[in-house]
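# Architecture and fold: a report
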Amino acid sequence: MSSNTPDMRVSVAGVELRSPVIAASGTFGYGVEFEEIVSMERIGAFVTKGLSREPMQGNPTPRIIETSAGMINAIGLQNMGVRPFVEEKLPKLRSMKGAVVIANVFGYTVEDCLEVIRVLNDAEGIAMYELNASCPNTSHGGIAFGVDPSLLYELVSRTRGASRRPLMVKLSPNVTSIGQMARVAADAGADAVSLVNTFVSLAIDIETGKPRIANVTGGLSGPAIKPIAVRMVHDAAKSVRIPVVGMGGIARAEDAVEFMMAGATAVQVGTASYADPRAVENIANGMRKWCASHQVEHVGQLTGAALL
Ligand SMILES: Cc1cc2nc3c(=O)[nH]c(=O)nc-3n(C[C@H](O)[C@H](O)[C@H](O)COP(=O)(O)O)c2cc1C
């Protein structure tokens, strides 16, 4: 294949994607909302909003604020619940040409996660699961699964056992050693890892002396976190053999290239969709142009090109 028409296909845990650029969870709704905005045939896949066993209202407002070079959110994982998703959204997604659906799963106990997976297992039209390990585990005093190696191992090994599809584990970045957590996920049977989720953060309104987010803390995302995310993807990629899907502040095709050079097999785009709802498609198109102009015949050649 000539470098003017670079091959943009990648494979993540056995799932073939037309492009390495994926829309990130929580920033692309249930996919159907983007039908008229983004061509599903031009992006690799999209990840649904986090799906829980029962519907969730989320946190009180304000729950999103802008910061310099990013945003803080504490949506509180609001979602319609896994059964309404399967009944009301999946039929539509199945009819959308080229849509590759990755279902994001979370729960406050391992059992909650298993139940979500069981419901999804019986549904057609999902390529892969992404398990959000940043959720607090209410059986263990609210500590996030993804910050404790033994909790993470138990969560991943049990959900892997129940999954009839490839399982990608989305790691929490709020840890000392992301390489260690990536290894724990891989040892427990994860087919891929994705990172980073948002960083715990706090912003204060100095006139009122009150937090700017009703939940007090929230997750920081956007360009502000990109260099930290690139470092973490690099650490994770050096630590495991399974594919690493990188994200955190990707706003341009060049950012996506940087994550791949750090070791990512594919990338996700989140916050950028708030500034430009077509960002995911634009970044996918831009990456193809970048590869063509840099004589990269296959985008997979970028993966780990700068792994030190
Ligand atoms: C408003 C909002 C909602 C999000 N909801 C979820 C979610 O439900 N599940 C999840 O795993 N990640 C969620 N995320 C995290 C993103 O998928 C992504 O990991 C993070 O924002 C970093 O990428 P970015 O800088 O490109 O946004 C959310 C992010 C934002 C900004």
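That block above? That's the structure.
What counts and what doesn't
The written sequence of each chain sets the order in which its residues are numbered from 1. For this predicted model, a pLDDT threshold of at least 70 governs which residues receive local features, and a threshold of 80 or more governs which side-chain atom pairs are given and counted, while totals over whole chains, interfaces and linings are taken from all residues. Side-chain measures here rest on the full set of heavy atoms in the structure, leaving out hydrogens and waters. Every case where a carboxyl oxygen of Asp or Glu lies within 4 Å of a side-chain nitrogen of Lys or Arg is listed as a salt bridge. Numbering of helices and strands runs from the N terminus, with a helix taken as a DSSP run of H or I at least four residues long and a strand as a DSSP run of E at least two residues long. Buried residues are those whose accessible area, probed at 1.4 Å on protein chains only, stays under 20% of the maximum for their type, while exposed residues exceed 50% and partly exposed ones sit between those limits. The rule for pairing is simple: two strands pair if DSSP sees at least two bridges between them. As a rule, the C-alpha atoms of each element are fitted with a line to give its axis, helices using only the stretch in contact, and angles between N-to-C directions run from 0 to 180 degrees. Throughout, a residue-residue contact means that at least one pair of heavy atoms, one from each residue, lies within 4.5 Å. Here a polar contact is taken to be a pair of N or O atoms separated by no more than 3.5 Å, where protein atoms must pair a possible hydrogen donor with a possible acceptor and residues adjacent in sequence count only if both atoms sit in side chains. Any pair of Phe, Tyr and Trp rings, taking the six-membered ring for Trp, is counted once the centres come within 6.5 Å. Such a pair is stacked with planes under 30 degrees apart, edge-to-face with planes over 60 apart, and tilted for the rest. Exposure above 30% relative accessible area and no salt bridge define the residues that can form patches, which grow by joining like charges within 9 Å and nonpolar side chains of Val, Leu, Ile, Met, Phe, Trp and Tyr within 5 Å. The Shrake-Rupley method, run with a 1.4 Å probe, gives the accessible areas here. Residue values count only the displayed protein chains as cover. Proximity criterion: a residue is near a molecule or strand once any of its heavy atoms comes within 4 Å of it. When the strands point away from the viewer and the connection leading from the first strand across the helix to the second strand turns clockwise, the crossover is called right-handed. In this analysis, the expected span of each helix is defined as 1.5 Å times one less than the number of residues it contains.

### Let's talk about the pattern of salt bridges
Tallied over the entire structure, the rule returns 16 salt bridges. We note a salt bridge from Arg53 to Asp112, for which the minimum N-O separation is 3.2 Å. One end of the pair, Arg53, is in the loop between β4 (45-47) and β5 (64-67); the other, Asp112, is in helix α2 (residues 110-121), with 59 residues separating them in the sequence. Judged by its relative accessible area of 30%, Arg53 is partly exposed. Across the pair Arg231 and Asp235 runs a salt bridge, and its minimum N-O distance is 3.5 Å. Here Arg231 and its partner Asp235 are both found in helix α5 (residues 226-239), 4 residues apart, which amounts to about one turn of the helix. Each member of the salt-bridge network shares a partner with another, and the members are Arg83, Glu111, Glu115, Arg118, Glu154 and Arg158.

### A short note on the sheet that holds β5
Working definition: the strands of a sheet are paired by backbone hydrogen bonds and lie parallel or antiparallel to each other. Strand order in the open sheet formed by 4 strands is β5-β6-β16-β13, with antiparallel pairing between adjacent strands. The strands lining the two open edges of the sheet, one partner per strand, are β5 and β13 (199-202). Across the sheet, the mean angle from the axis of one strand to that of its neighbour is 40°, orientation sign disregarded. Of the strand pairs in this sheet, β5 and strand β6 (residues 70-73) are connected by 4 bridges, and their pairing is antiparallel. Bridge pairing in β6 links Thr67 to Gly70.

### Focus on the sheet that holds strand β17 (residues 244-246)
Reading around the circumference, β3-β4-β7-β8-β11-β12-β17-β18 is the order of the 8 strands in this closed barrel, with parallel pairing throughout. When strand polarity is set aside, the average angle formed by the axes of neighbouring strands in this sheet is 30°. Here 2 bridges tie β17 to strand β18 (residues 266-269), and the two strands are oriented parallel to one another. By the bridge assignment for β18, Gly246 is matched with Val267. In the packing of helix α3 (residues 149-162) onto the sheet, contacts are made with β8 (128-132) and β11 (167-170), and the angle to β11 comes to roughly 160°.

### Some thoughts on the side chain of Thr109
In this fold, Thr109 is placed in the loop between β7 (101-105) and α2. A polar atom in the side chain of Thr109 sits 3.0 Å from the backbone nitrogen of Asp112. For Thr109, the residues in contact, after removing those within four places along its chain, are Asn137, Thr138, Ser139 and Phe145.

### What to know about the packing of aromatic side chains
Counted under the stated rule, the structure contains 4 aromatic pairs. With 3.9 Å between their ring centres and 15° between their planes, Phe28 and Phe34 make a pair best called stacked. The two residues Phe28 and Phe34 agree in class, both being buried. With 6.0 Å between their ring centres and 40° between their planes, Tyr30 and Phe85 make a pair best called tilted.

### Brief notes about a nonpolar patch on the surface
Residues Leu202, Ile204, Ile206 and Val216 make up a contiguous nonpolar surface patch of about 410 Å² in total accessible area. Residue placement: Ile204 occurs in strand β14 (residues 204-205).

### Brief notes about the site of the ligand
Taken together, 24 residues are adjacent to the ligand, and Ser25, Lys170, Gly222, Gly249 and Thr271 come closest. Between the ligand and Gly270 there is a distance of 3.0 Å, counted from an oxygen atom to a backbone nitrogen or oxygen. Within the side chain of Thr271, one N or O atom sits 2.6 Å away from an oxygen atom of the ligand. When the free accessible area of the ligand is taken as 620 Å², the share hidden by the protein chains comes to 96%.

### Some details on the pairing of β8
In terms of residue burial, β8 counts as a mostly covered element, since 5 of its 5 residues are buried. Across the two faces of β8 the burial is the same, with Met128, Glu130 and Asn132 and Tyr129 and Leu131 all buried. As defined by bridge partners, β7 adjoins β8 across 4 bridges and the pair is classed as parallel. Pairing of Ile102 across the sheet is with Met128, part of β8. You can see the chain leave β7, run along α2 and come back into β8, and the turn it takes is right-handed. The pairing of β8 with β11 spans 4 bridges and is parallel. Bridge pairing links Tyr129 to Leu167 in β11.

### A closer look at α3
Look at α3: 20 Å from first C-alpha to last across 14 residues, which is about the 20 Å you get at 1.5 Å a residue. Contacts from the buried residues of α3 go to α2, β8, β9 (136-137), β10 (143-144), β11 and α4 (178-187).

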